[in-house]
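Close look at the chain arrangement
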Amino acid sequence: MRLEAKKLGYRYANDAWLFRKFDLSLQQGETVGLVGPSGRGKTTLARILAGYDTPLEGTVMLDGQPLPKRGYHPVQLVFQHPEEAVNPRWRIGRILNEGGQPDPFLLQELGIDQGWLERWPGELSGGELQRFCVARALGPQTRFLIADEMTTMLDAVSQAQVWHSVLAIAKQRNLGLLVISHEPSLIRRLCDRVIEWESLVH
Ligand SMILES: Nc1ncnc2c1ncn2[C@@H]1O[C@H](COP(=O)(O)OP(=O)(O)OP(=O)(O)O)[C@@H](O)[C@H]1O
């Protein structure tokens, strides 16, 4: 399966275009890094690929077909700030069930303690909460995962644990991974190939 962005263009209101004629192609099973300067539109692109926003120009295709407008989205996004990605008034168990009944092996792989399911988001550390966000994004129908500065806020140990688990799951399930990060060492360690934002933006 291939995720393709073709001639994407986006800008907010009457601001300057962030990107135009932006092409990107990602194959299932690949881990690709996207690096570029701050504020140029990487998060905006990630939101478009995952269906949160609609591009003003161009299309996003999965195996040549437009992405589904309804139902489970096969391209899932994990954000930098897990606390902003969850409803603080829902217990963790309910948040996790949003993407369907979670696979117990997935929870185990991500080091998620069943006892935490009863807690509120504010009762977990950033690293623990981010692991829940990853688990929620890895429903059985996920084919591509976009990690937008996914571990930037975590300490080195939590960062290594999360990536170790995600890479193992991606391999088992042949997922495509797009790793957006400003840390070249992380990207070099994780990715099969690296895309420079500047080389794609016109
Ligand atoms: N909802 C919005 N309305 C208006 N402008 C926005 C909105 N979201 C982002 N922007 C602006 O669009 C530009 C690109 O933002 P974006 O978050 O996509 O960049 P980025 O490359 O991911 O940056 P960073 O690496 O710092 O996270 C920024 O100038 C930002 O201020």
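Going by an unreviewed UniProt entry, the protein carries the name Peptide ABC transporter and comes from Paenibacillus abyssi. Listed in UniProt under the heading Sequence similarities (unreviewed entry), the comment for the protein reads: "Belongs to the ABC transporter superfamily."

What to know about the sheet that holds strand β2 (residues 19-27)
Pairing within the open sheet is antiparallel, and its four strands lie in the order β2-β1-β4-β5. Since the sheet does not close on itself, it has two edges, and those belong to β2 and β5 (65-66), each with one partner. Judged from the six bridges that link them, strand β1 (residues 2-10) and β2 form a sheet pairing that is antiparallel. Following the sheet pairing, L8 is matched in β2 by F22. Helix α1 (residues 42-49) contacts β1, β2 and β4 (57-62) of the sheet and is inclined by roughly 125° relative to β1.

A look at the site of the ligand
Around the ligand, the neighbouring residues are Y12, L18, S38, G39, R40, G41, K42, T43 and T44. When the residues that make up the shell around the ligand are grouped by side-chain class, the tally is two nonpolar, five polar and two charged.

Notes on helix α5 (residues 156-173)
Here α5 spans 26 Å end to end across 18 residues, near enough to the 26 Å set by a 1.5 Å rise per residue. Taken residue by residue, α5 has V162, S165, V166, I169 and A170 as its buried positions. For α5, the buried positions fall inside an angular range of 130° around the axis, keeping them on one side. Structural note: α5 exposes A156, V157, A168, K171 and Q172 on the side pointing more than 90 degrees away from its buried face. Of the surrounding elements, those touching the buried residues of α5 are β3 (31-35), α3 (104-109), α4 (126-137), β7 (144-148) and β8 (176-180). Just downstream of α5 lies N174, where phi reads positive at about 55°.

Description of the sheet that holds strand β9 (residues 193-196)
Spatially, the five strands line up as an open sheet ordered β6-β7-β8-β3-β9, and their pairing is parallel. Both outer strands of the open sheet, β6 (75-78) and β9, are each paired with one neighbouring strand and no more. For this sheet the average axis-to-axis angle between neighbouring strands, irrespective of direction, equals 20°. Here β6 runs beside β7; their pairing, made up of four bridges, is parallel.

Things to note about α1
Along α1, the residues classified as buried are K42, L45, A46, I48 and L49. Along the long axis of α1, the arc covered by the buried residues comes to 160°, so they all point the same way.

As for the nonpolar core
Judged by nonpolar contacts, the single largest core of 50 residues is most densely connected at L49, V78, V134, L145, I146, L178 and V179. The element that contributes the greatest number of residues to this core is α4, accounting for six residues. Ignoring any residue separated from it by four or fewer positions in sequence, one finds L49 in contact with L3, A5, V60, V75 and I146.

Some words on the packing of α4 against α5
In contact at an axis separation of 10 Å, α4 and α5 are set at 15° when each is read in the N-to-C sense. Here α5 runs roughly parallel to α4, going by the angle between their axes. Judged by the twist between their axes, the crossing of α4 over α5 is right-handed. Mapping the contact onto sequence places G127, Q130, R131 and V134 in α4 and S158, V162 and V166 in α5.

The rules we used
- Residues numbered from 1 in each chain as written.
- Predicted model: local features only at pLDDT ≥ 70, side-chain atom pairs only at ≥ 80, totals over all residues.
- UniProt positions renumbered as here; feature names shortened; annotations may be inferred.
- Pairing = 2+ DSSP bridges.
- Helix = DSSP H or I, 4+ residues; strand = E, 2+ residues; numbered from the N terminus.
- Contact = placed C-beta atoms within 7 Å.
- Axes fitted to C-alpha atoms, helices over the stretch in contact; angles between N-to-C directions.
- Near = placed C-beta within 6 Å.
- Nonpolar A, V, L, I, M, F, W, Y, C, P; charged D, E, K, R; others polar.
- Expected span 1.5 Å × (residues − 1).
- Buried ≥ 20, exposed ≤ 12 C-beta atoms within 10 Å, placed from the backbone.
- Arc of directions from axis to C-beta.
- Core = buried A, V, L, I, M, F, W, Y, C linked by C-beta atoms within 7 Å.
- Parallel < 35°, antiparallel > 145°, perpendicular 65-115°, else oblique.
- Left-handed = near helix turned anticlockwise from the far one by under 90°.

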